[in-house]
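Architecture and fold: a report
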Amino acid sequence: MRVLIVEDEPALAEAVRRGLAAEGITADVVHDGREGLWAATEREYDVVLLDIMLPRMNGYDVLRRLREAEVWTPVMMLTAKDGEFDQADAFDLGADDYLTKPFSFVVLVARLRALARRGGPERPAVLSAGDLTLDPAGRQVRRGEREIELTAREYGVLEFLLRHRGEVVSKTEILRNVWDAHFDGDPNVVEVYVHYLRRKVDEPFGRRSIQTVRGMGYRLAADGG
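An unreviewed UniProt entry lists the chain under the name Response regulator transcription factor, with Actinotalea lenta given as the organism.

Right under this line is the structure:
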């Protein structure tokens, strides 16, 4: 496994690099956002470990530019910022995992290996189900020609459903991918956001694209309802 570490604290970056080397994992280290963006687009990595607060270009901008360039390498955000909105922003931009400092090195390695096993499958530039479309690069949602305004969390739920259109996804899967891999709050929050989405992407258009599958979760109809 080959990892890119984009971290502006030299001591921390070197400690992580040495620890990964002891686990048989090769790691390259860069210390600013622009260099990290160049390395991640020009070289092949299994995972990118990306800090948010970076000189020259912050981690959010690096992540957005990577996804706009259709670089789908799994990205783990490594940061001292632990607010839920910071995490939501990272996942909305295309992050695959999020770890706050200070962290357990054992957990870091386990999660890096999990991301590497999962890989980075290509994600289409525009997601669609019938006339319902979502453009991750432009962060725009439309039903036909009409643009729909969504909150960051609503957007995250809809994006996950669209990426799995036609499939049944559980509340746990939605929480893990849209909220946090280690979310321990009330899982019924998913029902609240599904309700919000239906009021925006279905009801005004006479559609029923977001379906409840009793005892299993939710499914977004492949034809957009």
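What about the sheet that holds strand E10 (residues 168-169)?
Sheet architecture is open: 3 strands sit in the order E10-E12-E11, paired in antiparallel fashion. Each edge of the open sheet carries a strand with a single partner, namely E10 and strand E11 (210-213). As defined by bridge partners, E11 adjoins strand E12 (residues 217-220) across 4 bridges and the pair is classed as antiparallel. In the sheet register, Ile 210 faces E12, and the bridge partner there is Leu 220. Together, E10, E11 and E12 form the strand contacts of helix H6 (residues 152-163), whose direction differs from that of E12 by roughly 70°.

A closer look at the UniProt feature "modified residue: 4-aspartylphosphate" (unreviewed entry) in the chain
According to UniProt, the "modified residue: 4-aspartylphosphate" (unreviewed entry) feature falls on Asp 51. Mapped onto the elements, Asp 51 comes out in the loop between strand E3 (47-50) and helix H3 (59-68). The class for Asp 51 is buried, based on a relative accessible area of 4%. In this structure, Asp 51 is in contact with Val 6, Glu 7, Asp 8, Gly 59, Leu 78, Thr 79 and Lys 101, ignoring residues within four places of it in sequence.

Description of the pattern of salt bridges
Using the criterion set out here, one finds 18 salt bridges in the structure. The closest approach of N and O atoms between Arg 17 and Glu 14, which form a salt bridge, is 2.7 Å. One end of the pair is Arg 17 and the other is Glu 14, both in helix H1 (residues 10-22) and 3 residues apart, which spans about a single turn. Taking relative accessible area as the criterion, Arg 17 reaches 28% and is therefore assigned partly exposed. Exposure remark for Glu 14: the relative accessible area of 28% places this residue in the partly exposed category. For Glu 14, the salt bridge goes to Arg 18, with nearest N and O atoms at 2.9 Å. Here Arg 18 and Glu 14 lie together in helix H1, a separation of 4 residues that amounts to about one turn. Within this structure, Glu 7, Glu 9, Asp 51 and Lys 101 form a network of salt bridges that share partners.

Some thoughts on the nonpolar core
In this structure, Val 141, Leu 158, Leu 161, Ile 174 and Leu 220 are the most contacted members of the largest nonpolar core, which totals 25 residues. Look past the residues within four positions of Leu 158 in its chain and what remains in contact with it is Leu 132, Leu 134, Val 141, Leu 150, Leu 197, Val 201 and Leu 220. Counting residues in hydrophobic clusters, the runner-up holds 24 residues, among them Leu 54, Val 62, Leu 63 and Ala 90.

Description of the packing of H6 against helix H8 (residues 189-202)
Two elements in contact, H6 and H8, have axes whose closest approach is 10 Å; the angle formed by their N-to-C orientations is 85°. The orientation of H6 relative to H8 falls into the category roughly perpendicular. Between H6, through Arg 153, Glu 154, Val 157 and Leu 158, and H8, the contact on the second element is made entirely by Tyr 193, Tyr 196, Leu 197, Lys 200 and Val 201. Class assignment for the residues of the contact of H6 with H8 results in 6 nonpolar, no polar and 3 charged.

Focus on the packing of aromatic side chains
With the rule as written, the count across this model stands at 1 aromatic pair. Ring centres of Tyr 193 and Tyr 196 lie 5.3 Å apart, and the angle between their planes is 80°; this geometry places the pair in the edge-to-face category. One end of the pair is Tyr 193 and the other is Tyr 196, both in helix H8 and 3 residues apart, which spans about a single turn.

What counts and what doesn't
- Residues numbered from 1 in each chain as written.
- Predicted model: local features only at pLDDT ≥ 70, side-chain atom pairs only at ≥ 80, totals over all residues.
- Heavy atoms only, no water.
- Pairing = 2+ DSSP bridges.
- Helix = DSSP H or I, 4+ residues; strand = E, 2+ residues; numbered from the N terminus.
- Contact = heavy atoms within 4.5 Å.
- Axes fitted to C-alpha atoms, helices over the stretch in contact; angles between N-to-C directions.
- UniProt positions renumbered as here; feature names shortened; annotations may be inferred.
- Buried < 20%, exposed > 50% of the residue type's maximum accessible area, 1.4 Å probe, protein only.
- Salt bridge = Lys/Arg side-chain N within 4 Å of Asp/Glu carboxyl O.
- Core = buried A, V, L, I, M, F, W, Y, C linked by side-chain atoms within 4.5 Å.
- Parallel < 35°, antiparallel > 145°, perpendicular 65-115°, else oblique.
- Nonpolar A, V, L, I, M, F, W, Y, C, P; charged D, E, K, R; others polar.
- Phe/Tyr/Trp six-rings, centres within 6.5 Å; stacked < 30°, edge-to-face > 60°.

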